[in-house]
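# Remarks on the overall topology
Each chain is listed here by its residues.
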Amino acid sequence: MSDTNFEENSIERCRILGVLDDGVASLGHAARAHLQQAQLVIGGARTLQLFAQQIHPRAQQRDLTGALSRVPEWIRAAQAAGQRVVVLATGDPLCHGIAAYLASRLCIEAIEVLPNVSTLQLACARLGLPWQDMKFSSVHSKDAGDWVAGSDPGHGLYALLRDIRQHDRLAVLTSPDNTPDRIARMLVTEGLADDFEMAVAERLCQPEERVVSGLSIAAAASIPFADPNVVLLWRTTLRAPQVLFGLPDASFEQRHPEKGLITKNEVRAVSLARMQLRADSVVWDIGAGSGSVGLEAARLCRQGHVYAIEKNADDSAIVQRNRMAMGISNHTLVHGKAPEGLPAWADPDAVFIGGSGGELAGLIALILQRLKPGGWLVMNFVTLENLGTAVETLKTLGAAWDVLQLQASRSKPILHMNRMAAENPVWIVCAHAAGATPAGVEHA
C-alpha cells in the first residue's frame, strides 16, 4: 500500500465490513483493500486491536464502545472531508448489527455493506443444525439485570422472552452482561426450564473456540461461559395449540369461597371486541380482579404489552398465578389502587376498567388524556350509580361514548330437564376522545 493511494481524497461510500475473530483470514480481497486504504476506521476496541496490523499507521481510529449515537456524525464529517471510512462489525452487519442503524441515519447511498458469515450461522454449522427456520434474536444491549417476572418492555431480555414464547428454535446473540446463564435463569423463572435445551458456542474462530451442546436449562443457569459467545435454544416439548379468544371462565383461578371477581365469558368477549385490539396494542387493565380481561388481551396482543393494577392482595396473587399458568410474559401487574403507578405506564391503545375503587371520574379524565389517537376506553358496570357517574363524566369531558346493556342466560339442569339461569346485567360503556378517529375506522 502506498502513501499516494492513502492520500487520494475522493468521496466514497462508508464501507461496513463484516469480520470474524480469526482476523484478516476472515476478509475477502475487496474488504481487505478497503480496510488498508481507509483513513478513518471505526469499531469496538477489541476489533480495532484484532485488525491493528491491517490499519494504515496514519489512519485515525475511533472506538464506538458506548458512543454508537455519535458514529453517524463521525462518518458524515469524514465523508465531507473526502476521507475513506470503514466500520468494522462482527459477522453479518445486517443481522442484528450496526448496518441497519447506520442505514436509518445516513442515506443508503452513503454506505456499502460487505457482509461476512454471521456468528449465529457459524454456531449452527458447528452443530450441523439447519438455520433457515430458526428465529434469530439478540440481547446485545445494555445490562438490565436478571429477569424479573412481569418486567415491562424496557428490560433487555423482554424481546427475547417474547421470541421464546412464540418459536421452537432460536439462535441468540449475547453480550458480556446478558449472558447464557442469565438467559437460562430467565427460562427457569418463567417455568420454561423443562421445555428447552441449550447449546453455547464460545470464542468462535479463535484458538480457544469451544461448543457445549445438550445443556439442560437448569444446569446452564449456573455455568459461566467465555465471552464472546452465542446461544442456541431448541424446544424439547411441543407447544400445545392455544385458544386465543373466548376462554371459558374455568380457565382462570378465582377467589373462593367468595364469588369470584371475574369478567364473565360473554361480557369479556364483547368488551375485548370493543377495545379494537391489534397485535402490538398497549393495554391498561384497571381493577384486574382475577386478571381475565388483561390476560386474554395479552394473548391477543403478542407484540404488545398489558399493564394491570389490582388493589386486593389476594386477587393480585391470583392474577400472578393465572399469568404463570397461561404462559404469558407481556403482562405487568401492580398491586395498588389506581391511579397510582399509571404515570409510569406507556400510553395505551386501549383501556379496560373493571373496578375503579371510588376514583372513577378522575380515572376517566386521566385515561382520555393518555389514550393514543384512535384508542378506546371500555368500562364494565353492574351498579346504576357507577353507570351514572361514567356517563355524566364523559358528557362533561365532551367525549364520544355509547352504552350497551348485556344480560346473558345460561342453561342449567333441573331434574331431567334444563332451564335458563340469568346472569346479572352488565353495562358496557365505550368511549374515545371526541374528534379522534376510532381504531380501525378511516376518515371518509
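Heads up: the structure comes first, above all this text.
An account of the accompanying structure is given in this report. Residue indices begin from 1 for each chain and proceed along its sequence in written order. In keeping with the predicted nature of the model, local features appear solely for residues at pLDDT of at least 70, side-chain atom pairs appear and are counted solely at 80 or more, and the whole-chain, interface and lining totals rest on all residues. Remark: hydrogens and water are excluded; side-chain values derive from all non-hydrogen atoms of the structure.

## Comments concerning the nonpolar core
I286, I367 and M379 are the most contacted members of the largest nonpolar core, which has 27 residues in total. Strands here are runs of E lasting at least two residues and helices are runs of H or I lasting at least four, both read from the DSSP assignment and numbered beginning at the N terminus. Here this core takes five residues from helix α13 (residues 360-370), the largest share from any one element. Each residue touching I367, except ones within four places of it in the same chain, is listed here: W284, I286, V351, I353 and L377. For this analysis, a nonpolar core means a set of buried residues of the types Ala, Val, Leu, Ile, Met, Phe, Trp, Tyr and Cys, connected via side-chain atoms within 4.5 Å. Each residue is placed in one exposure class: buried if its accessible area under a 1.4 Å probe, protein chains only, is under 20% of its type's maximum, exposed if it is over 50%, and partly exposed if it falls in between. Judged by nonpolar contacts, the second largest core, of 26 residues, contains Y158, L160, L161 and M186. Residue contacts follow a heavy-atom distance rule, with two residues in contact if any of their heavy atoms lie within 4.5 Å.

## As for unusual backbone geometry
Across the junction of D227 and P228, the peptide omega takes the value 0°, indicating a cis bond. Here P228 lies in the loop between α9 (217-220) and β10 (229-235). Cis geometry marks the peptide bond from A338 to P339; its omega dihedral reads 15°. Mapped onto the elements of the fold, P339 is located in the loop between β13 (331-335) and β14 (350-353). Notably, R203 is not glycine yet its phi reads approximately 45°, a positive angle. Counting through the fold element by element, R203 comes out in the loop between β8 (196-202) and β9 (210-216). Relative accessible area serves as the criterion here: at 28%, R203 is assigned to the partly exposed category. The backbone of C205 sits at a positive phi, close to 70°, despite the residue not being glycine. Within the secondary structure, C205 is located in the loop between β8 and β9.

## A word on the packing of aromatic side chains
The aromatic pairing rule takes the rings of Phe, Tyr and Trp, using the six-membered ring of Trp, and pairs them if the centres are within 6.5 Å, calling planes under 30 degrees apart stacked, those over 60 edge-to-face and the rest tilted. Scanning the model with the defined rule gives four aromatic pairs in all. Here the aromatic rings of W131 and F136 are separated by 5.6 Å at their centres, their planes lie at 35°, and the arrangement is tilted. Relative accessible area serves as the criterion here: at 39%, W131 is assigned to the partly exposed category. Judged by relative accessible area, F136 falls into the buried class, the value being 17%. Taking the centre distance of 5.4 Å and the plane angle of 25° together, the rings of Y307 and W345 count as stacked. Here W345 lies in the loop between β13 and β14 and Y307 lies in strand β12 (residues 305-310), a separation of 38 residues in the sequence. Take W345: its relative accessible area is 7%, and that puts it in the buried class.

## Concerning the layout of surface pockets
The computed volume of the largest pocket comes to approximately 1,300 Å³. Buriedness for pockets is judged along seven lines, at least five of which must meet protein on both sides within 12 Å for an open set on the 1 Å grid over protein atoms alone, while cavities are sets there where a 1.4 Å probe fits but cannot get out, and lining residues have an atom within 4 Å of a point. Considering the residues around the largest pocket, the lining is formed by 43 residues, among which L64, T90, H96, H140 and T174 are closest to the centre. For the lining of the largest pocket, the secondary-structure elements that each account for two or more residues are α3 (45-50), β4 (85-90), α5 (98-105), α6 (119-127), β8 and β10. Per-class residue counts for the lining of the largest pocket are 18 nonpolar, 16 polar and nine charged. Around the second largest pocket, the lining comprises 40 residues; the ones closest to its centre are L261, I262, T263, G354 and V382. Secondary structure elements with two or more residues in the lining of the second largest pocket: α10 (265-274), β11 (282-286), α11 (292-300), β12 and β15 (376-381). Grid points are joined across faces, edges and corners, and a volume is the space filled by probe spheres set on the points. Residue classes follow a fixed rule: Ala, Val, Leu, Ile, Met, Phe, Trp, Tyr, Cys and Pro count as nonpolar, while Asp, Glu, Lys and Arg count as charged, and any other residue, Gly among them, counts as polar.

## Observations concerning the pattern of salt bridges
Any carboxyl oxygen of Asp or Glu that lies within 4 Å of a side-chain nitrogen of Lys or Arg is treated as forming a salt bridge with it. Going through the model one piece at a time under the given rule, you end up with 29 salt bridges. Put simply, E359 and K337 hold a salt bridge, and the shortest N to O gap is 3.9 Å. Within this pair, whereas E359 is found in the loop between β14 and α13, its partner K337 is found in the loop between β13 and β14, the two being separated by 22 residues in sequence. For E359, a relative accessible area of 35% translates into the label partly exposed. Across the salt bridge formed by K372 and D349, the nearest N and O atoms sit 3.5 Å from each other. Of the two residues, K372 is situated in the loop between α13 and β15 and D349 in the loop between β13 and β14; the sequence distance between them amounts to 23 residues. What makes K372 partly exposed here is its relative accessible area of 32%.

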